[in-house]
Amino acid sequence: MPRLHPRTARSTAVAAALALAAGGLLAPSASASAPRGPAAAAPSATVLGPTGDAAALPVLRLDDPSIDWRELLVDRDDVERRADGTAYNTFGGFGSVSCNNTSKLLLDYKEEQPEAYWRIMRMLFDPVTGAGLKHIKVELGADSNSSSGAEPATKRSADEPANVLRGAGFHFIADALSINPDIETEALRWGEPSWTGNDPVKRYQWYKETIDAAYDTFGVELDWMSPSQNEVRGGTYQAAELAWTVQFAQWLERDAAAPDARYDYSHIKIVALDSYREGDAVAARILADPEALEQVDALGYHYDIVGGPNVTRLNKEFGKEILYSEGVAPMIDPQYRLAADPSRGGVGGTVSAADIADRFINAYRWSAAGADPAHMTTFLFQPAVSAMYEGTQYSPKHLVRASDPWSGYWEGDVGLVAVRHFHQFVGDGWEYVEGATGGDGTKGDGGTNVDTSTRTVLTARTPAGADGEAQWSQVHANNTRTDRYFEVKVADLGTAGRPLYAWETRGPDAGEEYDANYLQNTGVYEPVRTETIDGVEHDVYQVKVPAYSILTLSTLAHGTSGATAEYVPGDLAPDAEDTILPLPYRDDFEYDEYPVTTVGGREMTYLERRGGTPRYTADQDGAFEVVDAGHGHVLQQQIHAGNRGFTWNVWGNGRQDVLQTAAPSTVLGDHRWADYAAAVDFRLDGVDRDASLANYAGLGLRQTYARGGDQATYAVRVHEDGRWQLRKLDQVVASGAVAGFDAAAWHRLAVEARGNIVTATLDGVRLGQYTDSSANPVLAGRIALTSGFYNTQYDNLAVTPVQGYAWASEKIDDADPRLTYPDGFTFAQAGYAHFNRTQHVLTAGRSVTVPFRGTGLNLFGATAAATLEVRVDDGAPRTVQVGPAGTRETSYWLRDLGNRPHTVAVRVVSGTYTLDGVDVLTPGRP
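Predicted, not measured: the structure shown is a model, and the values here were computed from it.

1. Side note on the overall build of the protein chain
Alright, step 1. Scanning the protein chain from N- to C-terminus turns up 13 helices and 51 strands.
Alright, step 2. In terms of C-alpha radius of gyration, the protein chain reaches 29 Å, essentially the compact-globule figure of 29 Å for 926 residues.
Alright, step 3. The principal-axis extents of the C-alpha atoms in the protein chain amount to approximately 95 × 80 × 50 Å.
Alright, step 4. Counting over 926 residues, the protein chain shows a buried share of 62%.
Alright, step 5. Long-range pairs, those at least 24 residues apart, make up 74% of the contacts in the protein chain between residues at least 6 apart in sequence.
Alright, step 6. For the protein chain, the accessible area works out to roughly 30600 Å², and carbon and sulfur atoms hold 49% of it.

2. Concerning helix α3 (residues 114-125)
Alright, step 1. Over its twelve residues, α3 runs 16 Å from end to end, which matches the ideal 16 Å to within 8%, given 1.5 Å per residue.
Alright, step 2. Listing the buried residues of α3 in full gives Ala116, Tyr117, Ile120, Met121, Met123, Leu124 and Phe125.

3. Examining the environment of threonine 154
Alright, step 1. In this fold, threonine 154 is placed in the loop between β5 (135-140) and α4 (169-179).
Alright, step 2. Owing to a relative accessible area of 5%, threonine 154 belongs among the buried residues under this scheme.
Alright, step 3. Every residue in contact with threonine 154, bar those within four places of it in the chain, is listed here: Gly141, Glu160, Pro161, Ala162, Asn163, Val164, Arg166, Trp206 and Thr210.
Alright, step 4. A polar atom in the side chain of threonine 154 sits 2.8 Å from the side chain of threonine 210.

4. Here we look at the sheet that holds strand β19 (residues 484-491)
Alright, step 1. Pairing is mixed across the open sheet formed by four strands, whose spatial order is β3-β19-β23-β22. Edge strands, defined here as strands with exactly one partner in the open sheet, are β3 (70-75) and β22 (529-533). On average, adjacent strands in this sheet sit at an angle of 35 degrees to one another, irrespective of strand direction.
Alright, step 2. As judged from the seven bridges shared by β19 and strand β23 (residues 536-545), these two strands associate in the antiparallel manner. Bridged to lysine 489 within β23 is valine 540.

5. Here we look at the sheet that holds strand β8 (residues 269-276)
Two strands in a sheet stick together by hydrogen bonds in their backbones, pointing the same way (parallel) or opposite ways (antiparallel).
Alright, step 1. Taken together, eight strands build a closed barrel; the order of strands is β4-β5-β6-β7-β8-β9-β10-β11 and the barrel is parallel. Mean inter-strand twist for the sheet, computed between neighbouring axes without regard to direction, equals 25 degrees.
Alright, step 2. Pairing of strand β6 (residues 184-189) with strand β7 (residues 224-229) involves four bridges; the strand directions are parallel. If you follow alanine 187 over to β7, its bridge partner there is methionine 225.
Alright, step 3. Across the face of the sheet, helix α5 (residues 200-218) comes into contact with β5, β6 and β7 while running at roughly 155 degrees to β7.
Alright, step 4. Sitting on the sheet, helix α11 (residues 353-364) is in contact with β4 (93-98), β10 (321-327) and β11 (376-381), with an inclination near 145 degrees to β11.

6. What about helix α12 (residues 414-423)?
One full turn of an α-helix is made of 3.6 residues, so residues set three or four places apart face in the same direction.
Alright, step 1. The buried fraction of α12 is high, at ten of ten residues.
Alright, step 2. Taken together, the buried positions of α12 are occupied by Val414, Gly415, Leu416, Val417, Ala418, Val419, Arg420, His421, Phe422 and His423.
Alright, step 3. Structurally, the start of α12 carries an N-cap: the backbone nitrogen of glycine 415 is 2.9 Å from a side-chain oxygen of aspartate 413.

7. Side note on the packing of aromatic side chains
Alright, step 1. This structure, assessed with the given rule, holds 36 aromatic pairs.
Alright, step 2. By the ring-pair criterion, three or more aromatic residues cluster together here, those being Phe91, Phe94, Tyr324, Phe360, Phe379, Phe381 and Phe422.
Alright, step 3. Lying over the aromatic face of tyrosine 616, arginine 615 brings its terminal NZ or CZ to 5.7 Å of the ring centre.
Alright, step 4. Taking NZ or CZ as reference, arginine 644 lies 5.4 Å from the ring centre of phenylalanine 789, over its face.

8. Digging into the pairing of strand β33 (residues 696-703)
Alright, step 1. Counting buried residues in β33 gives eight out of eight residues, a clear majority hidden from the surface.
Alright, step 2. Judged from the six bridges that link them, β33 and strand β34 (residues 714-719) form a sheet pairing that is antiparallel. If you follow leucine 699 over to β34, its bridge partner there is valine 716.
Alright, step 3. Looking at chain direction, β33 and strand β40 (residues 782-787) are connected through six bridges and run antiparallel. Directly across from alanine 697, in β40, lies its bridge partner serine 787.

9. Thoughts on the pattern of salt bridges
Alright, step 1. Under the criterion given, the structure shown has 67 salt bridges.
Alright, step 2. Two residues, arginine 61 and glutamate 526, come together in a salt bridge whose shortest N-O distance is 4.0 Å. Within this pair, whereas arginine 61 is found in the loop between β2 (57-58) and β3, its partner glutamate 526 is found in the loop between β21 (520-525) and β22, the two being separated by 465 residues in sequence.
Alright, step 3. According to the relative accessible area criterion, arginine 61 is partly exposed, its value standing at 23%.
Alright, step 4. Given a relative accessible area of 25%, glutamate 526 falls into the partly exposed group.
Alright, step 5. The partner of glutamate 434 in a salt bridge is arginine 365, and the shortest N-O contact between them spans 2.4 Å. With glutamate 434 in the loop between β15 (431-432) and β16 (438-439) and arginine 365 in the loop between α11 and β11, the pair connects residues that are 69 residues apart, well separated along the chain.
Alright, step 6. Among the charged side chains, a salt-bridge network with shared partners connects Glu71, Glu487, Lys489, Arg529 and Glu531.

10. Digging into the packing of α4 against α5
Alright, step 1. Running from N to C, α4 and α5 point in directions that differ by 50 degrees, and their axes come no closer than 11 Å. In terms of their interaxial angle, α4 and α5 are classed as oblique. Seen along the crossing, α4 lies across α5 with a hand that is right-handed. Between α4 and α5, the residues in contact are Phe170, His171 and Ala174 and Thr210, Ala214 and Phe218, respectively.
Alright, step 2. Class assignment for the residues of the contact of α4 with α5 results in four nonpolar, two polar and no charged.

11. Considering the environment of aspartate 440
Alright, step 1. Counting through the fold element by element, aspartate 440 comes out in the loop between β16 and β17 (456-461).
Alright, step 2. For the pair formed by aspartate 440 and serine 453, sequence separation is 13 residues and the distance between their alpha carbons is 5.2 Å.
Alright, step 3. With near-sequence residues (within four places) excluded, aspartate 440 lies in contact with Asn362, Trp366, Ser367, Thr448, Ser453, Thr454 and Arg455.
Alright, step 4. A distance of 2.5 Å separates polar atoms of two side chains, one belonging to aspartate 440 and the other to threonine 454.

12. Some points on the pairing of strand β29 (residues 624-628)
As a general feature of sheets, a regular strand has side chains that alternate between the two faces.
Alright, step 1. The buried fraction of β29 amounts to four of the five residues, a majority that puts the element mostly inside the structure.
Alright, step 2. Two strands pair when backbone bridges link them, and β29 and strand β30 (residues 633-637) are joined in this way by five bridges, in the antiparallel orientation. Counted as the bridge partner of aspartate 628 is histidine 633 from β30.
Alright, step 3. Linking β29 back to β30 in an antiparallel pair, the connection comprises four residues, with glycine 630 at a positive phi of about 95 degrees.

13. Here's the deal with the side chain of aspartate 108
Alright, step 1. Here aspartate 108 lies in helix α2 (residues 106-112).
Alright, step 2. Within the local environment of aspartate 108, its side chain forms a polar contact with the side chain of lysine 104, the two groups lying 3.1 Å apart.
Alright, step 3. Excluding its chain neighbours within four sequence positions, the residues that come into contact with aspartate 108 are Gln113, Pro405, Tyr606, Arg610, Pro614, Arg615 and Tyr616.

The rules we used
Residues numbered from 1 in each chain as written. Predicted model: local features only at pLDDT ≥ 70, side-chain atom pairs only at ≥ 80, totals over all residues. Heavy atoms only, no water. Helix = DSSP H or I, 4+ residues; strand = E, 2+ residues; numbered from the N terminus. Rg over C-alpha atoms; globule rule 2.2 N^0.38 Å. Buried < 20%, exposed > 50% of the residue type's maximum accessible area, 1.4 Å probe, protein only. Contact = heavy atoms within 4.5 Å. Areas by Shrake-Rupley, 256 points an atom, 1.4 Å probe, with all protein chains shown as cover. Expected span 1.5 Å × (residues − 1). Polar contact = N/O pair within 3.5 Å; in protein donor to acceptor, adjacent residues only side chain to side chain. Pairing = 2+ DSSP bridges. Axes fitted to C-alpha atoms, helices over the stretch in contact; angles between N-to-C directions. Phe/Tyr/Trp six-rings, centres within 6.5 Å; stacked < 30°, edge-to-face > 60°. Lys NZ or Arg CZ within 6 Å of the ring centre and 35° of its normal. Salt bridge = Lys/Arg side-chain N within 4 Å of Asp/Glu carboxyl O. Parallel < 35°, antiparallel > 145°, perpendicular 65-115°, else oblique. Left-handed = near helix turned anticlockwise from the far one by under 90°. Nonpolar A, V, L, I, M, F, W, Y, C, P; charged D, E, K, R; others polar.

Interpretation in functional terms is not warranted from these geometric data alone.
Spelled out as structure tokens, the structure:
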């Protein structure tokens, strides 16, 4: 049974959510019973549409005398300006951070499904039809895990030419620039290649040669550099990084005049220090250093809306931009939010689209910051596109999820719409109207807490002195249960009496598709009266901002481009179905079937244009790349004792010369694979560079989320001395030794899973077998290859079905509308390790009903021990004991059902049962 496609699932999702809510069957959230404000009265007049000849738009009127209006003054002169009349701060908008291997699978989308790839890129970067992201920051990788994965280093030794074809980052930049050449670009490091030894001279060589390689390969001229280590912490390290930042800028200026300069590097602007919060402390360091004041162009810090007196001085006295230089994108797709938390419409809630809009506005001016707000004008999503496997650390958080390159399936998120509310109506260089910009609410993690604010609004106008009539736009973010009512009083901003065009995003009404009310031109507001304030006449507009919504008001009928169009339900849905990666799957790492293409004016093969990156892999540590072995290509783990990188250690003791220790691994495949066999040829590295580091090759299966070690739940390792281990969750469950093992020869390693029985073989001879009779097996997932810090080689990978067993499954989220909870539930918004960050918690007496078509199912998720009553179809109930089980582990499973429709009802008899999701087993088509 395929996963519900967004285009067909919407009505089902909404109907299920509303039916549950109407029947009182959901455990209500804190907001469920809160009263709503009065609705707008039916319009008493209409005006022509924005083009003058379009369908008439309703005039929105709010005539209820009980409304308690709040005042918003929009005055053309309420702009903080320098002595020369220019504004201190102008609108910067949203951008993307591509780092930690989060964009890796885009390389595969581009090769396998180019139409889907370019659709994704246009959704992100097209300034007219898409989100129009304005800034891209990429990681200078070090081949070590910097949270979600390992970004490859451009240089693994001092004498290796910089290679920006490795990884997806610079491809991402180049292709985005082909859509909009005005996007600003930037680079930043997390870890560092160990060959630099943290020596500034060698580090500069790495940076500078990468800057030149980006130009030579893609024609990219970087606009920004953030020379410091990402989120460097502590006074000692921040002082050293600021000194390095100044040195870097000075050397870059020197080299701008060199004969081999690719372009004028002095135009590259410098960000300091990309800290985790601590913005005011870093600002104080810059203020105390005259050279830093000269060289630094912007202060960037993360996950904070607090400014401070030093931030204010940098901004107002010295003209430095303030950047929210890393922030989250929305978490939990709206269709799941809506089913689990219907009162917030899928648009509101913690880290929702409304929350992200709220963060951006409060990052400019938050009431609790007093006279020293942050004045952040740019917000960078980390990441904007989750082109990584589901279950990777910190996923999902995205504007677009792209985890299935074999099918071209992707999922657009309402975050794209949230960005359009700003970018489509506020132009570059527009000036903030201070008194009508800012928000309140209690401080949360990177923003404000849901249901705590009373006002969140950004107002911006065309630059003073610009040609033509003055225009202005206003964006409201309401992440609370209460409708808001404002009298917007406007003075001297263009012709008096102009209508304001209202563009609104909120949740669905009864019976509507979940995205029915995204970016809708709901009508126009006209002045209801004029009012004289301090001797100046103001037009007064009466405006409603619905609960859990984003609202844009603008004098521009169709935005700054003149082409903004209403969202049509399904705009964020792909044409492709979410099909499983079919088995058998094989890879000999030759890729001869792919055409030669031109990159930067050079013809390149598949492997050349990808810097040796193999298909569908996602490195978690180390670097798995395809190399020429003389007789053909093989996959080789490139990181060994002599070139392993320095880790991103800011959350440890802060030292920057700590060598990575996590075992190299790469993940591949579909997390819906169930019962299957994986096999690969391997040859161990014969060079012993460090005897303290284990030399082995490993293969595992049923990988579901990033968890270190083997990555896969069940894995086998073979060491150079012939010792082998069969492991579950990194614990040895069987072991032995192969007599006469030849470490220099090629061997074939295989591991097979049939239900809960796992078997490992080497060269066709069984090594061991493990029957997982525990309370927490894992019964579906991808494969993983592992290695020591050696140049282990692999070839002829094969993943094949097991005769008589189901290799395919469908993964259904606990918040999927097909699942019903007739006795209520508690919804938990969980961390990245849990499927879609959702969990449903059931106590005694509560139940879940799972309708499906297939031959079996797995109920999975971290749960305490519980007693369940399970009924299959019309059969007699059975009582079972489950748990405790950990993250993504199976708490209960059924097999040998006929491949037909079934209904499984699970009721909690005692204890507490937590459901994360369901795997439905299907026959699949080999």
